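Chain and residue survey
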Amino acid sequence: MEQKYYTHGTAAERWERARMFFDAKEYATAARILDGLVAEVPEQVGPRLLLARSYYHSAQLRRAETELRTIVERDPVEHYARLMLGRTLERQGRDAEAAPHLRMAAVFAGDFPEV
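Note on numbering: residues in each chain are counted from 1, in written sequence order. Where totals are concerned, whole chains, interfaces and linings use all residues; where local detail is concerned, this predicted model gives features only for residues with pLDDT of at least 70, and gives and counts side-chain atom pairs only at 80 or more. With hydrogens and water stripped out, all remaining heavy atoms of the structure feed into the side-chain values.

1. A few points about the overall build of the chain
Labels follow the DSSP assignment, with helices taken as runs of H or I lasting at least four residues and strands as runs of E lasting at least two, numbered in each case from the N terminus. A tally of regular secondary structure across the chain gives seven helices and zero strands. Listed N to C, the secondary structure of the chain is α-α-α-α-α-α-α in terms of helices and strands. Projecting the C-alpha coordinates of the chain onto the three principal axes gives extents of approximately 60 × 25 × 20 Å. Between buried and exposed lies partly exposed: a residue is buried under 20% and exposed over 50% of the maximum accessible area for its type, with that area taken using a 1.4 Å probe on protein chains only. Among the 115 residues that make up the chain, the fraction classed as buried is 37%.

Structure below.
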């Protein structure tokens, strides 16, 4: 019965429900809804990015990393995913791995260091 709640409704209804839970800082619940939605529409960046953010904020860092790596593999210039991947790696104490992603995110966002 509980699982039905997470899969109930159209994709658009589940997207809105997940966003409401995310906005209410109920990140784990948002992730449970988004997990099924991402499986249904794996090519869409929006649900996958919100899923990664939900995982990040609920301290499911390995899961966040997996989703973010999928996004940057498909769209290497997706700067927010790069930024989130860098922050996710930093939060895991993997600063050396994080640095290139953070640099790329800054460049993609137009933040160039002064020479």
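2. As for the packing of helix α6 (residues 79-91) against helix α7 (residues 95-108)
Pairs of packed helices are described in terms of their axes, by the angle between the two and the distance that separates them. Inter-axis angles, ranging from 0 to 180 degrees, are taken between N-to-C directions of lines fitted to C-alpha atoms, where helices are fitted over the stretch in contact. At their nearest, the axes of α6 and α7 sit 8 Å apart, and the two run at 155° to each other. Considering their axes alone, α6 and α7 lie roughly antiparallel with respect to each other. In the crossing of α6 with α7, the sense of the turn from one axis to the other is left-handed. Every residue of α7 that contacts α6 at His79, Arg82, Leu83, Leu85, Gly86, Arg87, Leu89 and Glu90 is listed here: Asp95, Glu97, Ala98, His101, Leu102, Met104, Ala105 and Phe108. Orientation labels follow simple angle bins: below 35 degrees gives roughly parallel, above 145 gives roughly antiparallel, 65 to 115 gives roughly perpendicular, and whatever is left gives oblique. Handedness of a crossing is defined here by the sense of rotation of the near helix relative to the far one, left-handed for an anticlockwise turn of less than a right angle and right-handed for a clockwise turn. In what follows, residue pairs with any heavy atoms lying within 4.5 Å of each other are defined as contacts.

3. Regarding the packing of aromatic side chains
Two rings from Phe, Tyr or Trp (for Trp, the six-membered ring) form a pair when their centres are within 6.5 Å of each other. A pair whose planes differ by under 30 degrees is stacked, one over 60 is edge-to-face, and the rest are tilted. Throughout the structure, instances matching the rule amount to one aromatic pair. With centroids separated by 5.0 Å and ring planes inclined at 65°, the aromatic side chains of Phe22 and Tyr27 adopt a geometry described as edge-to-face. Of the residues examined, Tyr27 reaches a relative accessible area of 16% and is grouped as buried. The criterion for a charge sitting over a ring is simple: Lys NZ or Arg CZ within 6 Å of the ring centre, and within 35 degrees of the ring normal. For Arg91, the ring lying beneath its charged end belongs to Tyr56, and the centroid distance is 4.7 Å.

4. Points about the packing of helix α2 (residues 11-23) against helix α3 (residues 27-40)
It is at 8 Å that the axes of α2 and α3 come closest, and there the two elements cross at 155°. Accordingly, the angle class assigned to the pair α2 and α3 is roughly antiparallel. As for how α2 packs across α3, the hand of that crossing is left-handed. Where α2 approaches α3, its residues Ala11, Arg14, Trp15, Arg17, Ala18, Phe21 and Phe22 are matched on the opposing element by Tyr27, Thr29, Ala30, Ile33, Leu34, Gly36, Leu37 and Glu40. Its residues assigned to classes, the contact of α2 with α3 shows ten nonpolar, two polar and three charged. All residues other than Ala, Val, Leu, Ile, Met, Phe, Trp, Tyr, Cys, Pro, Asp, Glu, Lys and Arg, Gly among them, are scored as polar; the first ten of these are nonpolar and the last four charged.

Just geometry here; none of it tells us what the structure is for.
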